[in-house]
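Below, each chain spelled out in residue letters.
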Amino acid sequence: MVGWTVSSLLLAVFPMLPVVGREANYSLVILAGVLGAVAALWCASRPETKLLSTNSKSSLVLIIAQILLMVMSVYVRHSTAASLLNKEGNPAFNQLFSWTMLGCTFLLPLLSLRLLYPRLLSITLALMTLYLLLSTAHEALFCVTLGFTMFFWLQMEHGLSNYSHRKLEDISFTSVLPDSSRKQMTTDNIRHAYFFIFFIITAFFGTGNIASINSFDPQSIYCFLTVFNPFVMGSLLLLKIMVPFLMVTCAFRAVDVVVQVPTRSLFLTVLLMSDLMSLHFFFLVQDTGCWLEIGTSISHYVTVMSTTIAIMLLFGVARFLTGTAIISQQEDKCHDQ
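Here is a short report on the structure shown in this document. What you see is a predicted model; the values in this text were computed from it and never measured. (Residues numbered from 1 in each chain as written. Predicted model: local features only at pLDDT ≥ 70, side-chain atom pairs only at ≥ 80, totals over all residues. Heavy atoms only, no water.)

## Brief notes about the overall build of the protein
Phase 1: The number of helices and strands found in the protein is twelve helices and zero strands.
Phase 2: Counted from the first residue to the last, the protein has its helices and strands arranged as α-α-α-α-α-α-α-α-α-α-α-α.
Phase 3: The buried share of the protein, taken over its 337 residues, is 49%.
Phase 4: Put simply, 82% of the contacts in the protein that link residues at least 6 apart link residues at least 24 apart.
Phase 5: For the protein, the exposed area adds up to about 16000 Å²; of that, 69% sits on carbon and sulfur atoms. (Helix = DSSP H or I, 4+ residues; strand = E, 2+ residues; numbered from the N terminus. Buried < 20%, exposed > 50% of the residue type's maximum accessible area, 1.4 Å probe, protein only. Contact = heavy atoms within 4.5 Å. Areas by Shrake-Rupley, 256 points an atom, 1.4 Å probe, with all protein chains shown as cover.)

Set out below in structure tokens:
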């Protein structure tokens, strides 16, 4: 509970900070990369992850490689900023590395064990590596803090569930029961859905708002390209916004596996709460007053509606990242036994 409280309080600080994009501060990006690497090494050395066992050598090598890639992304981010400041252009290696990491973000986690801790650690490292390449200020620290909060959220929900006798390190994404074999929905599942919606909204407003999207700083995508290309730049911006969403959704997927409630029912509860929020903001839309009031009311409604649509897509991506493997599952079977 101490870790959950501290991480939640730290996460609450970020929405009160200035909007990301007004001024670059790459020292914070470097600090976030160092903290992320140290935290990943600590997690990998924990016995709960089972990465030090004899059956997990390949997964341990993968995690170490991902940590090195994350550290490398910090160097590339700093190198790109320094090169552009000296008007030397973006080095070809930096662009090649950035686009390669973009492709590996959704590939490397599929090589890890499908146990809860190893797979979630691999997903977090892959998303963090990409996010660091797109960061210019304190949003990188926000991503690290969000990862810690998701870890403690999973532990808290496991302790409050009826399956607390099962150790988290023994639970696998492959041992998901069909909906017909799971227990019925309870009032606790409303809490799960509420926290998920809360963290999704926090993931959006933790580093910016509608105004920051409309006037975003192109420095965030300089690792990938420096020439004006509206389609690619807009796609990278949307990807940057979706990375925290995906971290929250993967953690929620893990909570769903731990509490063993019907996925369809839990998903419909989330959609119902999202629709209620949309209906609330719909009746708050104004068509009179100053342009700021009208625009703000409309942006709130559009944000909530877009979140509802994004949740459905994120659920599909999270199921793919947590439940898919592209290598032999010999290690998973050994651990399941």
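## Focus on a nonpolar patch on the surface
Phase 1: Together, Val-2, Val-6 and Leu-10 line one region of the surface with nonpolar side chains, adding up to about 280 Å² of accessible area.
Phase 2: For Val-6, the location among the structural elements is in helix H1 (residues 2–13). (Patch = residues over 30% accessible without salt bridge, like charges linked within 9 Å, V, L, I, M, F, W, Y side chains within 5 Å. Salt bridge = Lys/Arg side-chain N within 4 Å of Asp/Glu carboxyl O.)

## A word on the packing of helix H6 (residues 139–160) against helix H7 (residues 187–205)
Phase 1: Following both chains from N to C, one finds H6 and H7 inclined at 175 degrees, their axes separated by 12 Å at the closest point. Overall, the two elements H6 and H7 adopt an arrangement that is roughly antiparallel. Touching Phe-142, Leu-146, Thr-149, Met-150, Trp-153, Met-156, Glu-157 and Leu-160 of H6 are Arg-191, His-192, Phe-195, Phe-196, Phe-199, Thr-202 and Ala-203, all from H7. (Axes fitted to C-alpha atoms, helices over the stretch in contact; angles between N-to-C directions. Parallel < 35°, antiparallel > 145°, perpendicular 65-115°, else oblique.)

## Considering the packing of aromatic side chains
Phase 1: Scanning the entire structure with this criterion turns up 20 aromatic pairs.
Phase 2: Relative to Phe-151, the ring of Tyr-117 lies with its centre 5.9 Å away and its plane at 40 degrees, an arrangement referred to as tilted. Note that Tyr-117 is positioned in helix H5 (residues 116–133) and Phe-151 in helix H6, a separation of 34 residues in sequence.
Phase 3: According to the relative accessible area criterion, Tyr-117 is buried, its value standing at 10%.
Phase 4: Ring centres of Trp-153 and Phe-195 lie 6.5 Å apart, and the angle between their planes is 55 degrees; on these two criteria the pair is classed as tilted. Of this pair, Trp-153 sits in helix H6 while Phe-195 sits in helix H7, placing them 42 residues apart in sequence. Grouping residues by exposure puts Trp-153 and Phe-195 together as buried. (Phe/Tyr/Trp six-rings, centres within 6.5 Å; stacked < 30°, edge-to-face > 60°.)

## Digging into the pattern of salt bridges
Phase 1: Tallying each qualifying case throughout the model produces three salt bridges.
Phase 2: Across the pair Glu-157 and Arg-191 runs a salt bridge whose closest N-O atoms are separated by 2.7 Å. Of this pair, Glu-157 sits in helix H6 while Arg-191 is found in helix H7, placing the two residues 34 residues apart along the sequence.
Phase 3: Arg-253 is the partner of Asp-256 in a salt bridge, and the nearest nitrogen-oxygen pair spans 3.5 Å. Taken as a pair, Asp-256 and Arg-253 lie in helix H9 (residues 230–259) at a separation of three residues, close to a single helical turn. Of the two residues, Asp-256 and Arg-253, both sit in the buried class.

## Points about the layout of surface pockets
Phase 1: A volume near 590 Å³ is recorded for the largest pocket.
Phase 2: As for the largest pocket, its lining consists of 28 residues, of which Cys-43, Leu-121, Thr-124, Gly-147 and Phe-151 are closest to the centre.
Phase 3: The set of elements that each furnish at least two residues to the lining of the largest pocket consists of helix H2 (26–45), H5, H6 and H9.
Phase 4: For the lining of the largest pocket, the element with the most residues is H6, which contributes nine residues. (1 Å grid on protein atoms, 1.4 Å probe; cavity = no way out; pocket = protein on both sides within 12 Å on 5 of 7 lines; lining within 4 Å. Points joined across faces, edges and corners; volume = space filled by probe spheres on them.)

## What to know about the nonpolar core
Phase 1: Within the largest apolar cluster, 91 residues are counted, with the highest numbers of intra-cluster contacts made by Leu-116, Trp-153, Phe-196 and Phe-224.
Phase 2: Per-element tally for this core: the top contributor is H9, with 18 residues.
Phase 3: With near-sequence residues (within four places) excluded, Leu-116 lies in contact with Leu-154, Leu-168, Ile-171, Ser-172, Phe-173, Ala-254, Val-257 and Val-258. (Core = buried A, V, L, I, M, F, W, Y, C linked by side-chain atoms within 4.5 Å.)

## So, H7
Phase 1: The end-to-end C-alpha distance of H7, which contains 19 residues, comes to 28 Å, matching closely the 27 Å that a straight helix rising 1.5 Å per residue would cover.
Phase 2: For H7, the set of buried residues is Asn-189, His-192, Ala-193, Phe-195, Phe-196, Ile-197, Phe-199, Ile-200, Thr-202, Ala-203 and Phe-204. (Expected span 1.5 Å × (residues − 1).)

## Examining unusual backbone geometry
Phase 1: Not every positive phi belongs to a glycine, and Lys-87 is a case in point at roughly 60 degrees.
Phase 2: Here Lys-87 lies in the loop between helix H3 (57–85) and helix H4 (92–104).

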